[in-house]
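# An overview of the molecular structure
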Amino acid sequence: MEKNSVSFEQLIRDDRAAHSTRTWQGRFLDYLELLKADPILPKLAHHRLHDVIVKSGVHDIKTSDDSRVKRLFKDESVKIYNFFEDEFFGIEKTLAQIARYFQSAALKGEESRQVLYLMGPVGSGKSSLVEKLQRGLEEADPFFAIDGCPMNEEPLHLIPRHLRREFEKMLGVHVEGDLCPVCRFRLKEEFGERYEEVPVVTRQFSKRNRVGIGVVPPVDPNNQDTSVLVGSEDISKLDLYSEGDPRVLDLNGAINVGNRGMVEFIEVFKNETEYLHAMITATQEKVIPAPGRHGMVYVDTVIVAHSNEAEWQKFKADHTNEAILDRIVVVKVPYNLRLSEEVKIYQKIIRNSDFRAHVAPHTLEIASMFAILSRLEPTTKCDLMTKLKLYNGEEVVEKGKTKKIDVRELRDDTKREGMSGISTRFIMKALDNALSDNIEGNCINPINVREALINMTKEADLPDDTRKQYLDFLQDVLHKEYLDVLEKEITKAFVYSYQEQAESLFQNYLDHAEAYVNKTKVKDRNTKEELQPDEGFLKSIEEQIAIIGSAAEGFRQEVIAYLWAASRRGGRISYRSYEPLKEAIEKKLMTSVRDISRIITKARTRDEEQSEKYNTMVQNLLQHGYCTNCVDVVLKYAANNLWKD
Ligand SMILES: Nc1ncnc2c1ncn2[C@@H]1O[C@H](COP(=O)(O)OP(=O)(O)O)[C@@H](O)[C@H]1O
Ligand SMILES: [Mg+2]
């Protein structure tokens, strides 16, 4: 106890100390001195957010050490922003577009006067992206504001117009914007126009405290006026002060609040056009009307709006909206289509939630495959599962060759891929359902998750043909895919030192194939005896991937040529180096233990030797991430579905 309370105290003390070094308070005159030393302090909102995004670093996607990523982006350059990297997966291009918007807006390009609009299907991460930007502001350095200003405005607004040129020259900054009606009034009445005396403070961005971050939810039909955006006049004060006295103003609308930072419009096109006009004026003219007769108020804020595609299409179809359309930068936020990244999304959501259960190997992969299959557009070039794997940067082997399909071309052939399909939320719901349906164990696995997905698909409100297709993915495509995975997994658990055995098959294959191709002999590694290349052995491997007869000769040459080239490039070669051969070797190993796996797994009673083998296999699976509940489930599943008699 003692120890803990000390560290709590320390923590609080440290935090407070850090906080106090970041806060500042003084008169406007002092602020000017501060600026002289550090002229970058008075940043406009877009500039500030751009700094937030690039502060943690940028790198090119090609610097990744994941070979799949390298293969996918081999002739593209995509910038990766560390700011988003740990939380957003597979939507690199969207993130780069967002960053580009801020970059050009920070340079006061046209974008600084346009709305950033995120458009995408439900659960594609739009709200999370906006939240991330908001959190970025909250964690950024505090900003300077006129103390007591309802809009936390930039103190430089205090400089009278006729002196601005001179001040700008002295400070090396540009001064933009004018005092709000409240500050103008106070400057006159409280400070007798002595603006150098006006107090300046630092303010920390906070969504909850409504400092620099404003949020506009879709409009409440009972509240159709724009006070939500621009504030209102306090009716109770109208008796005290004359009309036109700024003391009656409550500048607490979302845009007032978002001054200096950002304003988020949720499901923006559900709002009345009147709202949208205020939104557009705020970005385009950088002013909003003050309630009542108080003229216009300068604002400096990033407006970020989001909604789904249907709302966007509806809005776009209405010709009266043309003027607004011109002022919107549309960034599409599609669903992710890369398997490896989809898995990371669920890992992230699970990590951040109260979901506490064992997740069996391949569970999230199978669920993710379903999500991605539902999002893919069909192509004449290959089936959807192949497309999924190609999009994931995998090599797909067919008839002994890696498929030569250009991923970029596949992508270019699509129309709106990623803009529809199963959402992340649907999948999370299925994971929850699988868990609550599992009475035997606190565990989800590919089997109960697939089951949950099937049930949910049956109940979901979907067009008949879509439902049929989804069920086909689940009951056929993924069923087969999972059985493949499972058989490989069980083989690995059965085969003592799988890796070594695979390598040894590989070495042997190479020796014999090389001798065969070069018409030489094979030197036995142990006896040094010279032997004829063993064609029977070569064939036993090749037939695993349906290379038979005259095709064998060509295959052997390709293998040797490929591996020669690879080793000349300095790469270490292994059984994994050449995808078709890897597949053949793995299948060979599978066949070699197929009979015994089948007998032992299916057996109701096992003799002593069988029991020992079985137990070793189970131990291996347990070591590879299965729990005592799911190991039973998957083995039962294997017994019932694999190795059909
Ligand atoms: N590409 C992605 N990378 C990381 N997380 C994602 C991605 N797409 C969706 N998510 C997650 O899915 C969940 C739903 O996203 P959300 O932002 O609410 O979607 P939207 O607002 O577009 O409906 C969130 O937990 C979000 O973080
Ligand atoms: Mg949302």
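Up top you'll find the structure we're talking about.
Here is what the cut-offs are and how they apply
Residues numbered from 1 in each chain as written. Chains lettered and ligands numbered in written order. Predicted model: local features only at pLDDT ≥ 70, side-chain atom pairs only at ≥ 80, totals over all residues. Heavy atoms only, no water. Pairing = 2+ DSSP bridges. Helix = DSSP H or I, 4+ residues; strand = E, 2+ residues; numbered from the N terminus. Near = heavy atom within 4 Å. Polar contact = N/O pair within 3.5 Å; in protein donor to acceptor, adjacent residues only side chain to side chain. Nonpolar A, V, L, I, M, F, W, Y, C, P; charged D, E, K, R; others polar. Contact = heavy atoms within 4.5 Å. Axes fitted to C-alpha atoms, helices over the stretch in contact; angles between N-to-C directions.

Let us look at the pairing of strand E6 (residues 199–203). Of the pairings in the sheet, the one linking strand E1 (residues 25–27) to E6 comprises three bridges and is antiparallel in character. Paired with Gln25 across the bridge in E6 is Val201. The pairing of strand E5 (residues 143–146) with E6 spans four bridges and is classified as antiparallel. Bridge assignment links Ala145 to a residue of E6, and that residue is Val201.

Here we come to the site of ligand 1. If you check the shell around ligand 1, you find 17 residues, and the closest are Gly123, Lys126, Ser127, Ser128 and Lys348. Measuring from an oxygen atom of ligand 1, one finds a backbone N or O atom of Gly125 at 3.1 Å. A distance of 3.2 Å separates an oxygen atom of ligand 1 from a polar atom in the side chain of Thr424. Grouping the amino acids of the shell around ligand 1 by side-chain chemistry returns seven nonpolar, six polar and four charged.

Attention shifts here to the side chain of Arg556. For Arg556, the location among the structural elements is in helix H25 (residues 551–568). Setting aside chain neighbours within four positions, we find Arg556 in contact with Tyr509, Ala513, Tyr516, Val517, Glu535, Leu538, Lys539 and Glu542.

Taken in spatial order, the five strands line up as E7-E10-E13-E4-E14 in an open sheet, and their pairing is parallel. Each edge of the open sheet carries a strand with a single partner, namely strand E7 (213–216) and strand E14 (328–332). Going from strand to strand, the sheet's axes swing by 20 degrees on average, the running direction of each strand aside. Relative to strand E13 (residues 302–307), strand E10 (residues 262–266) runs parallel, the two sharing five bridges. Its bridge partner being in E13, Glu264 is matched across the sheet by Val304. Its contacts with the sheet put helix H6 (residues 92–106) on strand E4 (115–119), E13 and E14, and the angle it makes with E14 is roughly 160 degrees.

Once that is clear, we can look at unusual backbone geometry. Residues other than glycine seldom take positive phi values, yet Arg210 does so here, at roughly 55 degrees. In this model, His362 sits at a positive phi of 75 degrees, which is unusual for a non-glycine residue. You can see His362 is positioned in the loop between strand E15 (358–359) and helix H17 (363–375).

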